[in-house]
Amino acid sequence: MTPAPWAAVAVQPVRTYTLLGARASDGQPVHWPSSRPAGSRITWSGPTGKQEQFDLTDGVLPDGTYAAERVSVYRDRSAR
């Protein structure tokens, strides 16, 4: 008997990421739930509508969430 196609798919656990340097409209840190693995890139639209990209990491913050680093912070450094 052939197993169902969905049976072979590994389900990633959902992690909560803190978008470093990002703030919600109420001034609170932004938390982003995701089942994507570390190394993935996400796009977040801030309260002003500006889109920013963040890389998901394996780094655990003191509050137990994982760090998501703002890509724009590192682009300028790599160009040097």
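Just so we're clear, the structure is a prediction, and the values are computed from it rather than from any experiment. (Residues numbered from 1 in each chain as written. Predicted model: local features only at pLDDT ≥ 70, side-chain atom pairs only at ≥ 80, totals over all residues. Heavy atoms only, no water.)

Asks: If you had to explain the overall build of the chain to someone new, which residues and values would you point to?
Replies: Check the secondary structure of the chain and you find one helix and five strands. From first element to last, N terminus to C terminus, the chain shows the α and β order β-β-β-β-β-α. Scored against the burial criterion, the 80 residues of the chain give a buried share of 24%. Look at the contacts in the chain between residues 6 or more apart in sequence, and 27% of them connect residues 24 or more apart. In the structure as shown, the chain presents an accessible area of about 5,900 Å², 53% of it carried by carbon and sulfur atoms. (Helix = DSSP H or I, 4+ residues; strand = E, 2+ residues; numbered from the N terminus. Buried < 20%, exposed > 50% of the residue type's maximum accessible area, 1.4 Å probe, protein only. Contact = heavy atoms within 4.5 Å. Areas by Shrake-Rupley, 256 points an atom, 1.4 Å probe, with all protein chains shown as cover.)

Asks: Explain the pairing of strand S3 (residues 41-45) to me, using residue names and the numbers behind them.
Replies: In S3, alternate side chains face the same way, and those of Ile 42 and Trp 44 are buried while those of Arg 41, Thr 43 and Ser 45 on the opposite face are not. In this antiparallel pair of consecutive strands, S3 and strand S4 (residues 51-60), the connection spans five residues, and Gly 49 shows a positive phi of 95°. (Pairing = 2+ DSSP bridges.)

Asks: Can you explain the side chain of Ser 40? Please cite residues and give values.
Replies: As for its position among the elements, Ser 40 is in the loop between strand S2 (29-34) and S3. The exposure class assigned to Ser 40 is buried, which follows from its relative accessible area of 16%. Within the local environment of Ser 40, its side chain forms a polar contact with the backbone oxygen of Pro 37, the two atoms lying 2.9 Å apart. Here Ser 40 is in contact with Phe 54, Asp 55 and Leu 56, once residues within four sequence places are set aside. (Polar contact = N/O pair within 3.5 Å; in protein donor to acceptor, adjacent residues only side chain to side chain.)

Asks: Please provide a residue-by-residue account of the nonpolar core, values included.
Replies: The biggest cluster of nonpolar side chains holds nine residues, and these are Tyr 17, Leu 19, Ala 22, Val 30, Ile 42, Trp 44, Phe 54, Leu 56 and Ala 68. When contributions to this core are tallied by element, the ones reaching two or more residues are strand S1 (15-23), S3 and S4. The dominant element in this core, judged by the number of residues it contributes, is S1, at three residues. (Core = buried A, V, L, I, M, F, W, Y, C linked by side-chain atoms within 4.5 Å.)

Such coordinate-based values are descriptive only and should not be taken to indicate function.
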